[in-house]
Amino acid sequence: RSLTLGAVDFIGRLMSPEEMIARVKSKIQFFENHRSVVEFDRVKINLTQLITSLDNKVIPLTFIELKILLQVLRSYPDAVPKEALVDQIWKGAIV
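None of these values were measured; they are calculated from a predicted model. (Residues numbered from 1 in each chain as written. Predicted model: local features only at pLDDT ≥ 70, side-chain atom pairs only at ≥ 80, totals over all residues. Heavy atoms only, no water.)

## Re the packing of aromatic side chains
Aromatic ring pairs: the centre-centre distance and the angle between the two ring planes describe each pair.
Piece 1. Enumeration over the complete set of coordinates arrives at 1 aromatic pair.
Piece 2. Consider the rings of Phe40 and Tyr76, whose centres lie 4.8 Å apart with planes at 70°: the pair is edge-to-face. With Phe40 in strand 1 (residues 37-40) and Tyr76 in the loop between helix 2 (63-75) and helix 3 (82-90), this pair connects stretches of sequence that are 36 residues apart.
Piece 3. We classify Phe40 as partly exposed; its relative accessible area is 30%.
Piece 4. Assessed through its relative accessible area of 54%, Tyr76 is described here as exposed. (Phe/Tyr/Trp six-rings, centres within 6.5 Å; stacked < 30°, edge-to-face > 60°. Helix = DSSP H or I, 4+ residues; strand = E, 2+ residues; numbered from the N terminus. Buried < 20%, exposed > 50% of the residue type's maximum accessible area, 1.4 Å probe, protein only.)

Set out below in structure tokens:
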């Protein structure tokens, strides 16, 4: 019933301690990998609000600019090849 009411997961009464620990670790890993804020040095990107800031000053970016910046920051220190960037941002559209 909990899942039909919107729960993502639940802990049952008959769950073993090992299973509970595994579930908690899995949830922690999920939220670490799916953060809503990406920070890099002085740059902060709030993915929920789509707001980018530098030294806590908001930088107005278009959605495409924000996606490009995010890909570049996520791949740091490696460079993002032009072809990969185009594929990741525009997902196969002719650019």
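This is not the end of the story, as more comes after the structure.
## Remarks on unusual backbone geometry
Piece 1. Here the amide bond leading from Tyr76 into Pro77 is cis, since omega sits at 10°, within 30 degrees of zero.
Piece 2. Tracing the sequence through the fold places Pro77 in the loop between helix 2 and helix 3.
Piece 3. Positive phi outside glycine occurs at Asp41, with the angle close to 55°.
Piece 4. Note on placement: Asp41 falls in the loop between strand 1 and strand 2 (43-46).
Piece 5. Positive phi is not limited to glycine here, since Asp55 has a value of about 50°.
Piece 6. Tracing the sequence through the fold places Asp55 in the loop between strand 3 (51-54) and strand 4 (57-59).
Piece 7. Here Asp55 falls in the partly exposed class, since its relative accessible area comes to 47%.

## A word on helix 2
Piece 1. For helix 2, with 13 residues, the first-to-last C-alpha span of 19 Å sits near the 18 Å given by 1.5 Å per residue.
Piece 2. Listed in full, the buried residues belonging to helix 2 are Leu66, Leu70 and Leu73. Angularly, the buried residues of helix 2 cover 70° about the axis, an arc narrow enough to put them on a single face.
Piece 3. Contacts from the buried residues of helix 2 go to strand 1, strand 2 and strand 3. (Expected span 1.5 Å × (residues − 1). Arc of directions from axis to C-beta. Contact = heavy atoms within 4.5 Å.)

## Structural notes on the confidence of the model for the protein
Regions with low pLDDT carry predicted coordinates that are not meant to be interpreted in detail.
Piece 1. Of the residues in the protein, 82% reach a pLDDT of 70 or more, and the chain-wide mean stands at 82.
Piece 2. Averaged pLDDT values over the elements of the protein bottom out at 80 in helix 1 (residues 17-33) and peak at 96 in strand 4. (pLDDT = per-residue confidence, 0-100.)

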